[in-house]
Amino acid sequence: MEPGDQQEESLGPTTANPFRKHRNGSTSTPWRRRPKSLVLGEQDYPRQFGDLAIEDGHHDANHDASKPGDSLKGRIRRASLSLKGIVRRDRRGSEPVVDSSDVRPTTSHSAWHKLRQAASFRHPRTSYGHHGNLETIYSPVEADFSRLPVPGNGLAPPIIPRHTGAAAKASAAWQNEHLARYYQDMVSFPEYQNDRESGIGIALASTSQLNIGTEQSAPVLRKDFIAELPSELVVQILSHLNAVQLVTASRVSRVWHHHVQDQYIWRKSFLAKKTGTYATGFPVQPGTGSGVPSIRPGNDWQKIYRAREELDKRWNIGKQARAVFLHGHMDSVYCQQFDENKVITGSRDKTIRIWDMHSLQCRLIIGPPEVVNDTSILFDSAGRPTHYALYPDDQRMNPSVPVTVSFPTHHSASILCLQYDDDILVTGSSDSTCIVYSVRSGYRPVRRLQFHTAAVLDLAFDDKHIVTCSKDCSICVWDRATGTLIKQLTGHTGPVNAVQLRGNTLVSCSGDFTVKLWNIDSGKVIREFTGHTKGLACSQFSEDGRYVASAGSDKVIRIWNANTGECIREIQAHESLVRSLHIDSISGRLISGSYDTDIKVFDMETGEQLLDFPGWHVSWILSAKSDYRRIVSTGQDAKILIMDFGADVPDIRMLESTRKYEGTTDICNAGFI
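Residues numbered from 1 in each chain as written. Predicted model: local features only at pLDDT ≥ 70, side-chain atom pairs only at ≥ 80, totals over all residues. Heavy atoms only, no water.

Quick word on the overall build of the protein
Part 1: When you go through the protein residue by residue, the secondary structure sums to 15 helices and 31 strands.
Part 2: Split into buried and exposed, the 673 residues of the protein put 48% on the buried side.
Part 3: As displayed, the protein has an accessible area near 33500 Å², and 50% of this comes from carbon and sulfur atoms. (Helix = DSSP H or I, 4+ residues; strand = E, 2+ residues; numbered from the N terminus. Buried < 20%, exposed > 50% of the residue type's maximum accessible area, 1.4 Å probe, protein only. Areas by Shrake-Rupley, 256 points an atom, 1.4 Å probe, with all protein chains shown as cover.)

Quick look at the structure:
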């Protein structure tokens, strides 16, 4: 390199051009490979470059006039550096350009070539007779250079002033062509990158990348598909909505409102949303008294759904339950069971009483003759009926005079436990015996079960067996159909206070601090649950047999995994002995009653306390149970407390499985006698 050449190079820009990938000093475009030695005369430079050339005065003074002794190589280098300076200086205000070495056209038939040929720019000739190729000249976007070409920004077209020549126009054509290919590549990948069978690798540019307005797709989003689809499909789609969503959908249009009024949609939605259970193993069946009415023609499922939603809301709030006490028993009420139509209670006064759930009147008293034949059981000293409903404001309502009956087979002591279904009622007593009654024949005794040597503290039955437990520390298994004793289970070392049956599996709890799981067929203990520190008073078995709950004198409720024996939850529940537990396997609620006079509701899943009803009884709570609508409890104060969350809910009676027991129905048609 000659010294003069080295000096001229040092005057050029020292910062690398970020828009240029080829580092050679030639002004030729990168896709046309030409010999580096060019023969250019001073007169061959286009005049237009005079306006765009280097602005620094010392450059023009030093290099515009060539000396006679200068070599041809020096001339070429000076021209190259001048053009490179133009490119570098003018690109400073422009955005980076994508590498064009792979996308510029190389044939003479391309848009680039045609535009270049059509331009009016005077093309300098090389020594080989071809046109010299010039790099695209980018101008800054400042106001001082507004007359110069401005490259496109994004999808905006480039600005090409009238005075510019072919190079600028060709540059704009190339940029447009390049951007078109670039955005096409954003939408569709090359075939070799796309697995068409599996869809792997397929990606679409977002609307922000493609700069597509959302208004183009808005008409599609507003398409009323409900109006276009057949009614059968509309019903299937809308039935997946819940009550709130259906009400909202009915406001969309008249067409939607018309479809939403279809009772089939409300029925299907109700059954889908309101028949799930926590621990039963199967959905709630309609007409079984669990808040899902029988499927009958004429049901208004929209009203049914509305009533159930309001009822569930009141359960969640816990402050809108109507409380009412049933008076009539003369001593502690140890046990009770209820359904939508009746409550059956057993008491220390040796009687069993059947109450109408709707009228809150007592219908029947069963007991020994010396008790039921005494007129004081029906009237007080002032001649007023002893059976009535009492509201919290001390207002007496619904007085009644029940039928009294005494059968030859009867209990001679306290009624400590009972259970009934549609066919039989079984009671256990301090007289160490159990009596089986026929519900369908007016609660007439069928047989007595007698084997225990002490008070029968609890009992349970299913379709095959009747199981009883006693203060004598044993458990007896009886044949339901014949009353024959099948076997006696021994293993507890204290009084067995509670039993419950699920299939051939039995759970029991005792004053010996333990909970045992038994196999009825073999009579063996399957599993023992240990952890309580004092005697146990109650235990419960979920309907699907997965969970066991137990509680007693240590004031703690424990929930066990029946399959593993693990204690999965420990609830510090009450301030005194927990006397009663009830698992609502449908809702997952656990009801507890204690000697501290509190009734509490817990979530089986989390152990969280949901509701608390303190002080409603004035003495020990002996039994507390619930269904989908009510909590019913009994205690030492001889009262029956009904907490009704469905009171005053419009159309609440539509949730019932049957309307068999109306207030005007006499006791014979009601099935009492």
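The structure having been displayed, the exposition proceeds.
Some details on the pairing of strand S14 (residues 465-470)
Part 1: With respect to burial, S14 is a largely interior element, 6 of its 6 residues being buried.
Part 2: What you see with S14 is no split at all: His465, Val467 and Cys469 on one side and Ile466, Thr468 and Ser470 on the other are buried throughout.
Part 3: Inspection of the sheet shows strand S13 (residues 456-461) paired to S14 by 5 bridges, in the antiparallel sense. Bridge pairing in S14 places Leu459 opposite Thr468.
Part 4: Hairpin connection, S13 to S14: the antiparallel pair is bridged by 3 residues.
Part 5: In textbook terms, the turn of a hairpin is the stretch between consecutive antiparallel strands, and for S14 and strand S15 (residues 474-479) this stretch comprises 3 residues, one of which, Cys473, has a positive phi near 75°. (Pairing = 2+ DSSP bridges.)

So, the sheet that holds strand S4 (residues 352-356)
Part 1: Within the open sheet, the 5 strands sit side by side as S2-S3-S4-S5-S8. Their pairing is mixed. This sheet does not close on itself; its edge strands, each paired only once, are strand S2 (333-338) and strand S8 (403-405). Strand-to-strand twist in this sheet, taken as the mean axis angle between neighbours without regard to direction, amounts to 15°.
Part 2: Of the strand pairs in this sheet, S4 and strand S5 (residues 362-366) are connected by 4 bridges, and their pairing is antiparallel. Considered in S5, the bridge of Ile354 is made with Leu364. (Axes fitted to C-alpha atoms, helices over the stretch in contact; angles between N-to-C directions.)

Digging into unusual backbone geometry
Part 1: Positive phi, normally seen in glycine, also occurs at Ser432, with a value near 70°.
Part 2: By the secondary structure assignment, Ser432 is in the loop between strand S10 (424-429) and strand S11 (433-438).
Part 3: Here the phi dihedral of Thr597 falls at roughly 70°; this positive angle occurs in a residue that is not glycine.
Part 4: Of note, Thr597 is situated in the loop between strand S26 (589-594) and strand S27 (598-603).

Focus: a nonpolar patch on the surface
Part 1: On the surface, a nonpolar cluster with roughly 250 Å² of combined accessible area is contributed by Phe225, Leu233 and Ile237.
Part 2: Secondary-structure assignment places Phe225 in helix H9 (residues 225-228).
Part 3: Since its relative accessible area comes to 38%, Phe225 is described here as partly exposed. (Patch = residues over 30% accessible without salt bridge, like charges linked within 9 Å, V, L, I, M, F, W, Y side chains within 5 Å. Salt bridge = Lys/Arg side-chain N within 4 Å of Asp/Glu carboxyl O.)

Brief notes about the packing of helix H13 (residues 263-274) against helix H14 (residues 301-317)
When two helices pack together, their arrangement is given by the angle between the helix axes and by the axis-to-axis distance.
Part 1: Here H13 crosses H14 at 30°, and the two axes come no closer than 8 Å. As summarised for this structure, H13 and H14 are arranged roughly parallel, according to the angle between their axes. Note that H13 runs across H14; the crossing there is left-handed. Side by side, H13 and H14 meet where Gln263, Trp266, Arg267, Ser269, Phe270, Lys273 and Lys274 of the first sit next to Trp301, Gln302, Ile304, Tyr305, Arg308, Glu309 and Asp312 of the second.
Part 2: Its residues assigned to classes, the contact of H13 with H14 comprises 5 nonpolar, 3 polar and 6 charged. (Parallel < 35°, antiparallel > 145°, perpendicular 65-115°, else oblique. Left-handed = near helix turned anticlockwise from the far one by under 90°. Contact = heavy atoms within 4.5 Å. Nonpolar A, V, L, I, M, F, W, Y, C, P; charged D, E, K, R; others polar.)

Details of the packing of aromatic side chains
Each aromatic ring pair is described using two quantities: the centre-to-centre distance and the angle formed by the ring planes.
Part 1: Under the definition given, this model contains 9 aromatic pairs.
Part 2: With centroids separated by 5.9 Å and ring planes inclined at 90°, the aromatic side chains of Trp266 and Tyr305 adopt a geometry described as edge-to-face. Linking Trp266 in helix H13 with Tyr305 in helix H14, this pair joins segments that are 39 residues apart in sequence.
Part 3: Its relative accessible area of 2% is what places Trp266 among the buried residues.
Part 4: Relative to Trp560, the ring of Phe529 lies with its centre 5.3 Å away and its plane at 50°, an arrangement referred to as tilted. (Phe/Tyr/Trp six-rings, centres within 6.5 Å; stacked < 30°, edge-to-face > 60°.)

Describing the side chain of His329
Part 1: Inspection of the secondary structure puts His329 in the loop between strand S1 (322-327) and S2.
Part 2: Residue classification places His329 among the buried residues on the basis of a relative accessible area of 8%.
Part 3: A polar contact of 2.7 Å, which involves the side chain of His329, links it to the side chain of Thr345.
Part 4: A distance of 3.1 Å separates a polar atom in the side chain of His329 from a polar atom in the side chain of Asp349.
Part 5: What His329 contacts, discounting residues up to four positions off in sequence, is Thr345, Ser347, Asp349, Thr351, Arg353, Trp355, Ala638 and Ile640. (Polar contact = N/O pair within 3.5 Å; in protein donor to acceptor, adjacent residues only side chain to side chain.)

As for H14
Part 1: For H14, spanning 17 residues, the distance from its first C-alpha to its last is 24 Å, which sits close to the expected 24 Å at 1.5 Å a residue.
Part 2: Considered for burial, the residues of H14 that qualify are Trp301, Gln302, Ile304, Tyr305, Ala307, Arg308, Leu311, Arg314 and Trp315.
Part 3: Among the structural elements, helix H11 (243-249), H13, S26, strand S28 (609-614), strand S29 (621-626) and strand S30 (630-635) are those in contact with the buried residues of H14. (Expected span 1.5 Å × (residues − 1).)

Looking at the side chain of Gln302
Part 1: Structurally, Gln302 is set in helix H14.
Part 2: Looking at Gln302, the relative accessible area reads 18%, which means it is buried.
Part 3: Discounting chain neighbours no more than four positions away, the residues touching Gln302 are Gln261, Gln263 and Trp266.

Spatial relationships are all this shows, so hold off on functional conclusions.
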